Amino acid sequence: MKRSWVTIVLLAGLVAAGPGRALSQEVIKIGAFGPMTGGAAGSGQSMREGIDLVMDEVNASGGLLGRKIQVLYGDDAGKPEQAVSIVKRFTTADQVTLIIGGISSPTSMAASQVTGEEKVPQIMVASTAARITLQGNPWIFRSAVPDVKLTADLADFIAEKFPKIKRMAAIYVNDDFGRGGVTGFTEAAKKHGIQIVVEEKYVRGDVDYTAQITKIRAANADAILDWSRYHEGALIAKGLKQAGVTIPVFGADGNAHPKYIELGGDAVDGNYYATHFSPATSSHLPVARKLVEKMRAKYGKDPDYTHSEAYDAALVVVDAVKRAGSLDREKIRAAMAATDLEGSRGRIRFDKNGDPTFVTHVVKVVNGKETDARK
Amino acid sequence: MGGLARGRRPLLVLALVVLLLAIPWLLPQRYFLRVVDLGLVYAVLALGLQLLVGSAGQLSLGHAAFYGTGAYTSAILARKLGVPVEAAFLAGAVVAALLALTLVPVLRLRGNELAVATLGFGVIVHAVILNEEWLTEGPFGMMKIPPFRLGLLVFDTEFRFYYLGLAVTAATYLAFRRLTRSRFGRALEAIRQSEEAAVTSGINPVRYKSKVFVIAAFTAGLAGGLFAHLNRYLNPNDFTLTESINILVMVVVGGLRSLEGAIVGAMIIIFASEYLRAFKEYRLILFGALLVVFMALGAEGLRGLPAKLAAAARRPAPEPSDG
């Protein structure tokens with residue numbers, strides 16, 4: 001038995017020693033990673049479509065710096081350990097020029113440690129955890145608006161448009177998303193003199209919110225902060241309508257999904273929520289109109305927020321390589337840091353941490369349709 | 001069985017040792033070495049589970065709990081408390097072993113019941129890692145874990161880590177080889193075949209099962225420490241039930257009761273899941289198909305492959321299996 005194992009291992013060694021890698025200088029290699037399988041595979045797919053829209057167009061018009069762009073996609077299945085392996089492959093075996101991704105915050109965070117050490121520029125697509133860009137890593141950039149900025153932008157919006165709102169009641173899902181959102185909002189709202197007077201939480205998947213709504217009603221607040229995902233968000237809106245609560249409702253980016261309006265019906269009419277992308281709030285932006293047009297032509301659907309974030313990330317990458325005028329990673333990093341470009345969500349510039357500086361869009365639902373609440 | 005002349009075996013073993021030591025020089029590609037390093041971590045994990053499942057016949061679905069405990073203990077001690085990494089590494093294994101002691105009351109359970117109890121245990125440990133943010137940094141994971149070091153030696157590259165992983169794997173393998181061939185190993189064998197019969201031969205199953213659980217947990221803790229200082233980033237999602245099942249798959253693919261099989265099984269599963277990435281969305285289908293093929297080899301897994309091939313070569317006409 002032992003002998004056979006020794007033979008197998010020796011053979012495996014020979015097989016592994018097989019063909020080497022051919023170096024090709026004619027293409028610019030870009031590595032992109034995200035979940036292509038597992039629960040979040042839909043987001044990975046959107047990311048891929050968004051990037052391809054940009055890169056296909058660049059390649060069709062002669063490429064970049066006289067070379068074609070080749071995007072290598074890696075599936076992290078939503079797992080940080082796999083994200084690390086993929087990014088190590090991108091940086092050491094594939095020798096990519098830079099990296100786009102990922103989707104979930106833990107995978108992006110795990111990958112950023114590798115890109116920081118290997119000195120490879122990385123632009124995250126949909127990861128919103130603020131702390132990823134606070135690690136002192138100059139190689140990391142982000143297309144999405146980080147969670148802390150989103151809550152602060154929502155608080156600014158309320159203070160500006162509704163100066164009479166001073167006392168708010170919060171209802172939220174009791175997990176890192178809900179807790180993080182309400183904590184961030186409470187902190188940001190303080191400087192506008194807005195106070196959270198009651199906090200009611202629920203467990204994800206709950207269907208009855210009578211207890212929480214009764215307490216919110218008793219608190220006699222000026223408005224409601226709802227940090228939910230769209231399914232629960234729609235049920236809460238229905239519950240509020242049934243209970244005859246008419247004060248304005250301000251929701252999280254979790255409500256920014258077509259299903260919120262579909263499930264909520266007329267109960268969500270008049271409600272507000274923060275969003276990472278909506279064709280309604282971006283309709284005045286030429287890049288957004290182009291994105292919608294191209295998405296319909298190529299994939300026959302409207303872009304979701306991951307499409308838009310990936311599309312913008314790809315635009316930033318192409319623009320930075322063009323301005324750097326070389327494939328030198330440090331030059332590209334410097335060019336990325338100096339980005340000033342029209343994207344599908346606004347003018348893209350990065351702050352010192354690598355986060356985008358445009359303000360978060362806010363939607364108001366009017367007659368079952370998204371409208372731009374900032375107008 | 002082995003038809004090889006006795007005198008040539010030491011030579012083959014020597015060739016294997018030389019090959020193993022030479023791998024990073026022959027194949028210095030960093031991504032390849034990263035995958036091999038990961039394979040070594042899982043080889044240690046699979047060895048521990050092989051002892052438990054293969055030798056003692058105790059099905060555990062909670063191996064990732066001890067793996068995670070070792071990883072987080074070592075990382076927290078080294079990064080947050082500034083404990084020297086080699087000490088933190090050993091502490092991780094000791095804490096994992098101590099945690100296994102809390103399982104002693106459920107070791108009276110057998111078979112499926114024990115499996116479900118260990119599954120529950122795995123869920124609890126994952127929940128603790130996920131929720132105790134002050135200790136583990138919660139769902140965002142822990143960054144900037146220092147690399148392993150031994151005195152002046154720093155194992156901070158894939159190349160250097162390989163030798164650390166190889167040393168721990170080899171030490172675990174040799175220790176388990178001795179163990180399974182000792183009186184202790186024979187007692188486990190007896191328990192695996194029939195607990196009742198073992199009792200009548202004067203063996204106390206709970207005591208032996210406790211010992212083997214503690215040993216398996218200790219090696220899982222070692223593997224966890226290796227992973228923490230190799231990956232240098234830990235996230236609760238890497239220590240779930242899926243991980244426990246993954247390790248179990250390695251053991252079964254390699255062949256139950258074979259220590260060499262556990263190592264080769266770990267390498268095959270890690271290499272398959274990494275290198276199948278080239279097939280994009282077909283990766284999981286191919287991976288699944290690969291598992292089915294391996295299992296079609298029978299209960300012996302890969303371990304039985306050489307013997308089967310040899311038998312097929314000897315017999316020109318296919319004959320019904322003789323079991």
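Residues numbered from 1 in each chain as written. Chains lettered and ligands numbered in written order. Predicted model: local features only at pLDDT ≥ 70, side-chain atom pairs only at ≥ 80, totals over all residues. Heavy atoms only, no water.

A. Summary view of the overall build of chain A. Summing up its helical and strand segments, chain A has 12 helices and 14 strands in all. In summary, chain A has a C-alpha radius of gyration of 23 Å against a globular reference of 21 Å for 375 residues, a match within 12%. Across its three principal axes, chain A shows a C-alpha extent of roughly 75 × 60 × 40 Å. Of the contacts formed within chain A by residues at least 6 apart in sequence, a portion of 68% connects residues at least 24 apart. Working note: accessible area of chain A is about 15100 Å², and carbon and sulfur atoms make up 53% of it. Of note, chain A has its 48 positive side-chain charges centred 2 Å away from the centre of its 43 negative side-chain charges. (Helix = DSSP H or I, 4+ residues; strand = E, 2+ residues; numbered from the N terminus. Rg over C-alpha atoms; globule rule 2.2 N^0.38 Å. Contact = heavy atoms within 4.5 Å. Areas by Shrake-Rupley, 256 points an atom, 1.4 Å probe, with all protein chains shown as cover. Lys, Arg positive; Asp, Glu negative; His and termini not counted. Charge placed at Lys NZ, Arg CZ, Asp CG, Glu CD.)

B. Structural detail: a nonpolar patch on the surface. Residue and element names in this part refer to chain B. Where nonpolar side chains cluster on the molecular surface, the patch consists of Phe-279, Tyr-282, Ile-285 and Leu-286 and spans about 430 Å² of accessible area. Mapped onto the elements of the fold, Leu-286 is located in helix α13 (residues 283-296). Leu-286 gets classed as partly exposed once you look at its relative accessible area, which sits at 34%. (Patch = residues over 30% accessible without salt bridge, like charges linked within 9 Å, V, L, I, M, F, W, Y side chains within 5 Å. Salt bridge = Lys/Arg side-chain N within 4 Å of Asp/Glu carboxyl O. Buried < 20%, exposed > 50% of the residue type's maximum accessible area, 1.4 Å probe, protein only.)

C. A look at the sheet that holds strand β2 (residues 68-75) of chain A. All names here are of chain A. One open sheet accounts for 5 strands, arranged β2-β1-β3-β4-β5; its pairing is parallel. Since the sheet does not close on itself, it has two edges, and those belong to β2 and β5 (140-142), each with one partner. Pairwise comparison of adjacent strand axes, ignoring direction, gives a mean angle of 25° for this sheet. The strands that helix α2 (residues 41-60) touches are β1 (27-34), β2 and β3 (98-100); relative to β2, the one it contacts most, it runs at about 165°. (Pairing = 2+ DSSP bridges. Axes fitted to C-alpha atoms, helices over the stretch in contact; angles between N-to-C directions.)

D. Broad picture of the domain arrangement of chain A. With domains assigned, chain A is organised as domain 1 (27-145 + 285-348) and domain 2 (148-275). The gap between the C-alpha centroids of domain 1 of chain A and domain 2 of chain A is 32 Å. (Domains from an automatic or database assignment.)

E. Summary view of the packing of aromatic side chains. Within this structure, the stated rule accounts for 23 aromatic pairs over all chains. Centroid distance Phe-157 of chain A to Tyr-272 of chain A: 6.0 Å. Interplanar angle 55°. Geometry classified as tilted. Residue Phe-157 of chain A is located in helix α5 (residues 147-161), and its partner Tyr-272 of chain A is located in strand β10 (residues 272-275); the two are separated by 115 residues in the primary sequence. You'll find Phe-157 of chain A and Tyr-272 of chain A in the same group, each marked buried. One aromatic cluster in this structure is built from Tyr-42, Tyr-67, Tyr-72, Phe-227 and Phe-239 of chain B. Stacked on the ring of Tyr-73 of chain A, the Lys or Arg Arg-48 of chain A has its end atom at 4.5 Å from the ring centre. Sitting over the ring of Tyr-208 of chain B, Lys-211 of chain B keeps its end group 5.6 Å from the ring centre. (Phe/Tyr/Trp six-rings, centres within 6.5 Å; stacked < 30°, edge-to-face > 60°. Lys NZ or Arg CZ within 6 Å of the ring centre and 35° of its normal.)

F. Representation of the environment of Phe-184 of chain B within the structure. Position of Phe-184 of chain B relative to the elements: it lies in helix α8 (residues 183-193). On a C-alpha basis, the gap between Phe-184 of chain B and Lys-211 of chain B in space is 9.7 Å, while along the polypeptide they are 27 residues apart.

G. Quick look at unusual backbone geometry. With omega at 0°, the peptide bond leading from Gly-101 of chain A into Gly-102 of chain A counts as cis. For Gly-102 of chain A, the location among the structural elements is in the loop between β3 and α4 (105-118). Here Asn-367 of chain A, not a glycine, exhibits a phi torsion of approximately 50°, which is positive. Located in the positive-phi region is Arg-257 of chain B, a residue other than glycine, with phi close to 75°. Of note, Arg-257 of chain B is situated in the loop between α11 (241-254) and α12 (259-275).

H. Region of interest: the packing of α12 of chain B against α13 of chain B. Residue and element names in this part refer to chain B. One can describe the packing of α12 onto α13 by two numbers: an axis separation of 10 Å at closest approach and a directional angle of 155°. Between α12 and α13, the crossing angle belongs to the class labelled roughly antiparallel. As α12 runs across α13, the sense of the crossing is right-handed. Judged by residue contacts, Ile-268, Ile-269, Ala-272 and Ser-273 of α12 engage Arg-283, Phe-287, Leu-290, Leu-291 and Phe-294 from α13. In terms of residue class, the contact of α12 with α13 is built from 7 nonpolar, 1 polar and 1 charged. (Parallel < 35°, antiparallel > 145°, perpendicular 65-115°, else oblique. Left-handed = near helix turned anticlockwise from the far one by under 90°. Nonpolar A, V, L, I, M, F, W, Y, C, P; charged D, E, K, R; others polar.)

I. Main features of the nonpolar core. Formed by 85 residues in total, the largest nonpolar core has its most connected members in Val-41, Tyr-42, Phe-66, Tyr-67, Leu-226 and Leu-234 of chain B. Looking at this core, the element that brings in the most residues is helix α2 (residues 30-55) of chain B, giving 14 residues. Non-local contacts of Leu-226 of chain B, meaning those with residues more than four positions away in its chain, are made with Val-41, Val-44, Phe-89, Phe-161, Leu-164 and Val-168 of chain B. Within the second largest apolar cluster, 70 residues are counted, among which are Met-36, Met-47, Ile-103 and Val-125 of chain A. (Core = buried A, V, L, I, M, F, W, Y, C linked by side-chain atoms within 4.5 Å.)

J. Summary view of the pattern of salt bridges. Counting across every chain of the model gives 29 salt bridges over all chains. Lys-241 of chain A is paired through a salt bridge with Asp-266 of chain A; the nearest N and O atoms lie 3.9 Å apart. Here the residue Lys-241 of chain A occupies a position in helix α8 (residues 230-242), and Asp-266 of chain A occupies one in the loop between α9 (258-264) and β10, the gap between them amounting to 25 residues. With a relative accessible area of 54%, Asp-266 of chain A lands in the exposed category. A salt bridge links Glu-195 of chain B to Arg-110 of chain B, with the nearest nitrogen and oxygen atoms 3.0 Å apart. Taken together, the positions of Glu-195 of chain B in helix α9 (residues 195-200) and Arg-110 of chain B in the loop between α4 (85-101) and α5 (111-131) put the pair 85 residues apart, joining distant regions of the chain.

K. Main features of α11 of chain B. Taking 1.5 Å of rise per residue, 14 residues should cover 20 Å, and α11 of chain B covers 20 Å from first to last C-alpha, within 8% of that figure. Buried within α11 of chain B are the following residues: Glu-243, Ser-244, Ile-247, Leu-248, Met-250, Val-251, Val-253 and Gly-254 of chain B. (Expected span 1.5 Å × (residues − 1).)

L. Quick peek at the sheet that holds strand β7 (residues 195-202) of chain A. Residues and elements named next belong to chain A. The strand order across the open sheet formed by 7 strands is β7-β6-β8-β9-β10-β13-β14, and the pairing between neighbours is mixed. The sheet is open, and its two edges are formed by β7 and β14 (369-372), each paired on a single side. Geometrically, the sheet is characterised by an average inter-axis angle of 25° between neighbouring strands, direction not taken into account. Alignment of strand β6 (residues 167-173) against β7, held across 7 bridges, turns out to be parallel. Counted as the bridge partner of Ala-169 is Val-198 from β7. Sitting on the sheet, α5 touches β6, β8 (223-227), β9 (249-251), β10 and β13 (361-366), and the angle it makes with β8 is about 165°.

M. Quick peek at the packing of helix α3 (residues 63-80) of chain B against α11 of chain B. Residues and elements named next belong to chain B. Where α3 contacts α11, the two axes come as close as 7 Å, and the packing angle between them is 110°. With respect to each other, α3 and α11 are oriented roughly perpendicular. Note on packing geometry: the crossing formed by α3 with α11 is right-handed. Across from His-63, Ala-64 and Tyr-67 in α3, the residues of α11 making contact are Glu-243, Ser-244 and Ile-247. Taken together, the residues that form the contact of α3 with α11 break down as 3 nonpolar, 2 polar and 1 charged.

N. Quick peek at empty space enclosed by the protein. All names here are of chain B. Counting across every chain of the model gives 3 cavities of 30 Å³ or more. In this model, the largest cavity occupies a volume close to 50 Å³. Contributing to the lining of the largest cavity are Leu-61, Gly-62, Ala-64, Ala-65, Leu-119, Gly-122, Val-123, Phe-239, Thr-240, Leu-241 and Ser-244. Among the elements that take part in the lining of the largest cavity, α5 stands out by supplying 3 residues, more than any other. Residues belonging to the lining of the largest cavity are distributed by class as follows: 7 nonpolar, 4 polar and no charged. (1 Å grid on protein atoms, 1.4 Å probe; cavity = no way out; pocket = protein on both sides within 12 Å on 5 of 7 lines; lining within 4 Å. Points joined across faces, edges and corners; volume = space filled by probe spheres on them.)

O. Representation of the pairing of β8 of chain A. All names here are of chain A. By the criterion of burial, β8 is predominantly enclosed, with 5 of the 5 residues buried. Where burial is concerned, the two faces of β8 agree: the one with Ala-223, Leu-225 and Trp-227 and the one with Ile-224 and Asp-226 are both buried. Pairing between β6 and β8: 5 bridges, direction parallel. Looking across to β8, one finds that Met-168 is bridged to Ala-223.

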